[in-house]
Amino acid sequence: MTTHSSNSYSVDPHTAHQFYINGRWTSPAIPATLPVVNPATEAVVAQVARGTAEDVDRAVAAARGALAGWSATPAETRAQVLGKIHELILERKEQLAQALSLEMGTAIGFARAMQVPLAAEHVRVARDLLSSYRFQTVEGGTAIEREAIGVCGLITPWNWPLYQITAKVAPAIAAGCTVVLKPSELSPLSALLFAQLVHDAGLPPGVFNLVNGSGAEVGATMAAHADIDMISITGSNRAGALVAQAAAPTVKRVTQELGGKSPNVLLPDADFAKAVPLGVMSAFRNVGQSCSAPTRMIVPRSRLAEVEALAAATANALIVGDPQSEDTQLGPIANEAQFHRVQAMIQAGLDEGAKLLCGGPGRAAGFDKGFYTRPTVFSDVDNAMRIAQEEIFGPVLCIIAYETVDEAVAIANDTVYGLGAHVQGQDLDVARAVASRIRAGQVHLNHPAWNPMAPFGGYKRSGNGREYGVQGFEEYLETKAIIGFGE
Ligand code: NAD
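Residues numbered from 1 in each chain as written. Predicted model: local features only at pLDDT ≥ 70, side-chain atom pairs only at ≥ 80, totals over all residues. Heavy atoms only, no water.

Participant: Outline the overall build of the chain, listing residues and values.
Facilitator: Looking only at helices and strands, one finds 16 helices and 20 strands in the chain. For 487 residues, the compact-globule estimate of 2.2 N^0.38 gives 23 Å, and the C-alpha radius of gyration of the chain, at 23 Å, lies within 12% of that figure. Counting only C-alpha atoms and orienting by the principal axes, one finds that the chain spans roughly 65 × 60 × 40 Å. Every one of the 487 residues in the chain was classed for burial, and the buried ones make up 58%. The long-range fraction of contacts in the chain, counting pairs at least 24 apart against all pairs at least 6 apart in sequence, stands at 73%. Put simply, the chain has 37 plus and 47 minus side-chain charges, and the middle of one group is 1 Å from the middle of the other. (Helix = DSSP H or I, 4+ residues; strand = E, 2+ residues; numbered from the N terminus. Rg over C-alpha atoms; globule rule 2.2 N^0.38 Å. Buried < 20%, exposed > 50% of the residue type's maximum accessible area, 1.4 Å probe, protein only. Contact = heavy atoms within 4.5 Å. Lys, Arg positive; Asp, Glu negative; His and termini not counted. Charge placed at Lys NZ, Arg CZ, Asp CG, Glu CD.)

Participant: Before we move on, could you go through the pattern of salt bridges and cite the residues and values that matter?
Facilitator: Tallied over the entire structure, the rule returns 23 salt bridges. A salt bridge links Glu217 to Arg50; the shortest N-O distance between them is 3.5 Å. Of this pair, Glu217 sits in helix H8 (residues 215–224) while Arg50 sits in the loop between strand E4 (43–49) and helix H2 (53–71); the two residues are 167 residues apart in sequence, bridging distant segments of the chain. Assessed through its relative accessible area of 28%, Glu217 is described here as partly exposed. By relative accessible area, Arg50 is classed as partly exposed at 31%. (Salt bridge = Lys/Arg side-chain N within 4 Å of Asp/Glu carboxyl O.)

Participant: Explain helix H14 (residues 405–413) to me, using residue names and the numbers behind them.
Facilitator: Buried residues of H14: Ala408, Val409, Ile411 and Ala412, and no others. What you see down the axis of H14 is that its buried residues fit within an arc of 160°, all on one side. Structurally, H14 contributes buried residues whose contacts are with strand E12 (263–266), strand E13 (296–300), strand E16 (396–402) and helix H15 (428–437). (Arc of directions from axis to C-beta.)

Participant: Lay out helix H12 (residues 336–351) with the relevant residues and their values.
Facilitator: The end-to-end C-alpha distance of H12 is 23 Å, a good match for the 22 Å that 16 residues give at a rise of 1.5 Å each. Of all the residues in H12, the buried ones are Gln338, Phe339, Val342, Gln343, Met345, Ile346, Ala348 and Gly349. Buried residues along H12 sit in contact with strand E15 (376–379), helix H13 (386–389) and E16. Backbone geometry just after H12 places Gly353 at a positive phi near 90°. (Expected span 1.5 Å × (residues − 1).)

Participant: Outline the sheet that holds strand E17 (residues 420–424), supporting the account with residue identities and numerical values.
Facilitator: In spatial order, the strands read E14-E15-E16-E13-E12-E17-E18; together these 7 strands make up an open sheet with mixed pairing. The sheet is open, and its two edges are formed by strand E14 (355–358) and strand E18 (442–445), each paired on a single side. Averaged over all neighbouring strand pairs, the angle between strand axes comes to 25°, with direction disregarded. Sheet contacts for helix H11 (residues 304–316): E13, E14, E15 and E16; angle to E14, the most-contacted strand, approximately 45°. Running at roughly 165° to E18, H15 makes contact with E17 and E18 of the sheet. (Pairing = 2+ DSSP bridges. Axes fitted to C-alpha atoms, helices over the stretch in contact; angles between N-to-C directions.)

Participant: Quick one: what's the story with the pairing of E15, residue by residue and with numbers?
Facilitator: Burial along E15 is two-sided: Thr376 and Phe378 facing one way and Val377 and Ser379 facing the other are all buried. With 3 bridges connecting them, E14 and E15 associate as antiparallel partners. Each bridged residue has a counterpart across the sheet, and for Leu356 the counterpart in E15 is Phe378. Pairing of E15 with E16 involves 3 bridges; the strand directions are parallel. Within E16, the residue paired with Phe378 across the bridge is Cys398.

Participant: Would you mind going over the site of the ligand in detail, with residue names and values included?
Facilitator: Residues in close proximity to the ligand total 29 residues, the closest being Thr156, Trp158, Glu185, Ser236 and Glu391. Take Lys182: an N or O atom from its side chain is 2.9 Å from an oxygen atom of the ligand. Gly215 has a polar backbone atom sitting 3.2 Å from an oxygen atom of the ligand. About the coverage of the ligand: the protein hides 92% of its 860 Å² of free accessible area. For the ligand, the cavity whose grid points lie within 2 Å of the majority of its atoms is the largest pocket. Secondary structure elements with two or more residues in the shell around the ligand: H8, strand E10 (230–234) and helix H9 (237–247). Broken down by element, the residue count for the shell around the ligand peaks at 4 residues, all from H9. Taken together, domain 1 (19–258 + 462–482) and domain 2 (263–445) each give at least three residues to the shell around the ligand, which thus spans both. (Near = heavy atom within 4 Å. Polar contact = N/O pair within 3.5 Å; in protein donor to acceptor, adjacent residues only side chain to side chain. Areas by Shrake-Rupley, 256 points an atom, 1.4 Å probe, with all protein chains shown as cover. 1 Å grid on protein atoms, 1.4 Å probe; cavity = no way out; pocket = protein on both sides within 12 Å on 5 of 7 lines; lining within 4 Å. Sits in = over half its atoms within 2 Å of the grid points. Domains from an automatic or database assignment.)

Participant: Residue-level account of unusual backbone geometry, with values.
Facilitator: Backbone geometry places Asn22, a non-glycine residue, at a positive phi of 55°. Backbone geometry places His447, a non-glycine residue, at a positive phi of 50°. With respect to the secondary-structure elements, His447 resides in the loop between E18 and strand E19 (463–464).

This is the structure:
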């Protein structure tokens, strides 16, 4: 097992080289490993087992074997185990935060304040839902029953590794499903700790299984697997589409949480002194590696100069540094491939003639290694430019000017994505009306607090299905009508 007795995170070669299948740490069918790189140092810090189709088969068989028993447990029993998982996440929060910092370079303060506590929230929400959710309702002599969809394959990305795992695992097991999890091969360490934690919480063998490995091998095998009833993937549009294609012949349910290019509309009556800095901070949260990051700031042309000054001052004041330092706000980009993608997009912005307000290409000052990126703000961005249309997934903000509110809405909607959106304005009725016109799954008015009950997911190419809260939970349920049931 991975160590969890102290606050430090150390990789136990035993579990890192194994999978968690049927309640036990199990060696892979074919011994092979994948390196895990600390993006702050570029050093290989661990090797994790690399799975194959045979490992997926074993995990799916374990999940299938456990399904009848687990789906028949009373909701209170499932709530109790979720309660224990929640307790253990909070108890082991420092160790989880350290693992996240090591595997993806997240600033330790951010891991402690956001990545871990928000991950715990998904578990608490799933536990609490079970006390009020009605799995059967009867109306007009017909019963509508909601029951577990079955064995679920869960595929998660590297940017919020633990948070994405609990957003899927917690509602799935609350619904009575059994699961096979494939975490991102780029950030798999917190997932190993999570598997041990689930074991220690007393979840029956086979309900939760973990197989590490690549998307092309383990992920694709899961998507096509005849004995998996549903796949939920969070990741790029490329991977989401490949999963849907591979899943089609077995007609399984596929939910996809994919990319975004979220707008942030500052209405003419917004409080600019507040809204601009908050907008920059939201766009650059988690080093801009959030699917719903508001990376297109859409502002009245008459206020452009003021917005530019405020945005540049905010970005320039950000502390980019060693993720282990308490002061650091932005650590490195989480992996090398992503670092190069972000660099290429910054160059594309310059090539397309956007006005660079701060940041730019190259490593952040003071670093000769590590994937540290300069927080970059472009203005005079035309919404047709690549930097305004393609997801960058790094600390790069586009400022786009509008003349009328109608034009602002049109720019906000001129994207293939529809995940998040923000609207800032002091007249709430006007802000609400603009929110109604935006084609996105979640619209935030004036930077509200995060709400774990608010359904999250995408319109258009940002995905299908929802996560979080009741709607996220219901994705893991099938619906059965029993007609002639009686009153
Ligand atoms: P990615 O698509 O490279 O990988 C995501 C997961 O899919 C990984 O576990 C990967 O191994 C797996 N995968 C890759 N190819 C696969 C295939 N052919 N079959 C099955 N599985 C496959 O994405 P990433 O780089 O890890 O994450 C960043 C992306 O995720 C961004 O586009 C971001 O917007 C998106 N994202 C979306 C949400 C959301 O909720 N909408 C949240 C976080 C991240």
